[in-house]
Amino acid sequence: PEYEMLEAEFEWSKSFCSEKKRRQTAEPIFSRISKESRRVRNILRPRHRNKIYTFAKQALAHSNHEQPFLILDVGCAGGRLVKQLHDRLLLDGITTVPLGIEISNPLSEVAGKVLRSLGGDVIHASAIEGAAQCSPGSFDVVVMRSFLEHERRPLELLRNLRQALKQDGVII
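One numbering rule holds for all chains: residues counted from 1, following each sequence as written. Selection of residues for local features in this predicted model requires a pLDDT of at least 70, selection of side-chain atom pairs for listing and counting requires 80 or more, and totals for whole chains, interfaces and linings are taken over all residues. Hydrogens are left out, water is left out, and the side-chain values use all remaining heavy atoms of the structure.

Draft legend 1. Layout of helix H4 (residues 51-61). Burial classes follow relative accessibility: with a 1.4 Å probe on protein chains only, a residue under 20% of its type's maximum area counts as buried, one over 50% as exposed, and anything between as partly exposed. Put simply, DSSP H or I for four residues or longer makes a helix, DSSP E for two residues or longer makes a strand, and each gets a number counted from the N terminus. Where H4 is concerned, the buried positions are Ile52, Tyr53, Ala56, Ala59 and Leu60. Taken end-on, H4 shows its buried residues confined to a sector of 135°, consistent with a single buried face. Of the exposed residues in H4, those oriented more than 90 degrees away from the buried face are Lys51 and Ala61. Think of the arc as the fan of directions from the helix axis to the C-beta atoms.

See below:
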């Protein structure tokens, strides 16, 4: 779909909920098995190990820049991931400014409240437009969790993000 349609008609939070309900109705047994398998997996292997946090911490440990470090979450939804990253790094004595890009208006409003409370902000735009608005050489870490495979023009986005990264910055 066109980017404009992603802002409202195909907004992730709406499409996710409607698809979840559709699957529960169409495949009730499979849905129940899937839900229970996730519950068991979370008991056996808790999510306390966060790979994004680990990669970000390693990257920032080798950075030559002064704190606070700027972290950008592309497709940040409600800002939960970048807030968790900010909070965990703060526990390690690493200060960050969490920023996000989100195309969905309702989600960007939620993320804006969360990120502004931490000294950051959110850009309400498509990923490509949002990345183009960022100052060159400004970010230490860019996070794209489960995002790039949904982008219509991934190479253009990666080029824009590369320009927005500091020389020793990383994209996760």
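Having seen it, we continue.
Draft legend 2. Quick look at the side chain of Lys166. Structurally, the position occupied by Lys166 is in strand S5 (residues 165-171). By definition, residues are in contact when any of their heavy atoms lie within 4.5 Å. Discounting chain neighbours no more than four positions away, the residues touching Lys166 are His65, Gly137, Ser138, Phe139 and Asp140.

Draft legend 3. Structural detail: the sheet that holds strand S4 (residues 139-143). Paired strands are those between which DSSP finds at least two bridges. The strand order S3-S2-S1-S4-S5 describes an open sheet built from 5 strands, whose pairing is parallel. The sheet terminates laterally at strand S3 (121-124) and S5, the two strands that pair on one side only. Each adjacent strand pair in this sheet contributes to an overall mean axis angle of 20°, direction not counted. Pairing of strand S1 (residues 69-74) with S4, which is carried by 3 bridges, proceeds in the parallel orientation. Within the sheet, the bridge partner assigned to Ile71 lies in S4 and is Val141. Only C-alpha atoms enter the line fits that serve as axes; for helices the fit covers just the stretch in contact. Angles between N-to-C directions range over 0 to 180 degrees.

Draft legend 4. Focus on the pattern of salt bridges. Any Lys or Arg side-chain nitrogen found within 4 Å of a carboxyl oxygen on Asp or Glu counts as a salt bridge. Tallied over the full model, the rule gives 7 salt bridges. Between Glu36 and Arg32 there is a salt bridge, with the nearest N and O atoms lying 3.9 Å from each other. One end of the pair is Glu36 and the other is Arg32, both in helix H3 (residues 28-44) and 4 residues apart, which spans about a single turn. For Lys83, the salt bridge identified is with Asp87, shortest N-O distance 2.6 Å.

Draft legend 5. Expanded view of the side chain of Asn160. Inspection of the secondary structure puts Asn160 in helix H8 (residues 154-164). Pairing of N or O atoms within 3.5 Å defines a polar contact, subject to two protein rules: one partner must be a possible hydrogen donor and the other a possible acceptor, and residues neighboring in sequence count only if both atoms are side-chain atoms. Here Ile128 takes part through its backbone oxygen, which lies 3.3 Å from a polar atom of the side chain of Asn160. The residues touching Asn160, leaving out its near neighbours within four places in the chain, are Ile128, Ala131 and Ala132.

Draft legend 6. Examining the pairing of S4 more closely. In terms of burial, S4 is a largely internal element, 5 of the 5 residues being buried. Where S4 and S5 come together, 3 bridges link them in parallel fashion. Residue Phe139 lies in a different strand from S5, and its bridge partner there is Leu165. Tracing the backbone out of S4, into H8 and back to the parallel element S5 gives a crossover that is right-handed. When the strands point away from the viewer and the connection leading from the first strand across the helix to the second strand turns clockwise, the crossover is called right-handed.

Draft legend 7. Main features of unusual backbone geometry. In the Ramachandran plot, Ala77 falls in the positive-phi region, its phi being about 55° despite a non-glycine side chain. Assignment of secondary structure puts Ala77 in the loop between S1 and helix H5 (80-91).

Draft legend 8. Seen up close, the pairing of strand S2 (residues 96-102). Within S2, 7 of the 7 residues are buried, which leaves the element mostly enclosed by the surrounding structure. Side chains of S2 alternate between two faces, with Thr96, Pro98, Gly100 and Glu102 and Val97, Leu99 and Ile101 buried alike. In terms of strand pairing, S1 meets S2 through 6 bridges, oriented parallel. Residue pairing across strands places Leu70 opposite Val97, the latter belonging to S2. When S2 meets S3, the two strands line up parallel, connected through 4 bridges. Bridging across to S3, Leu99 finds its partner in Asp121.

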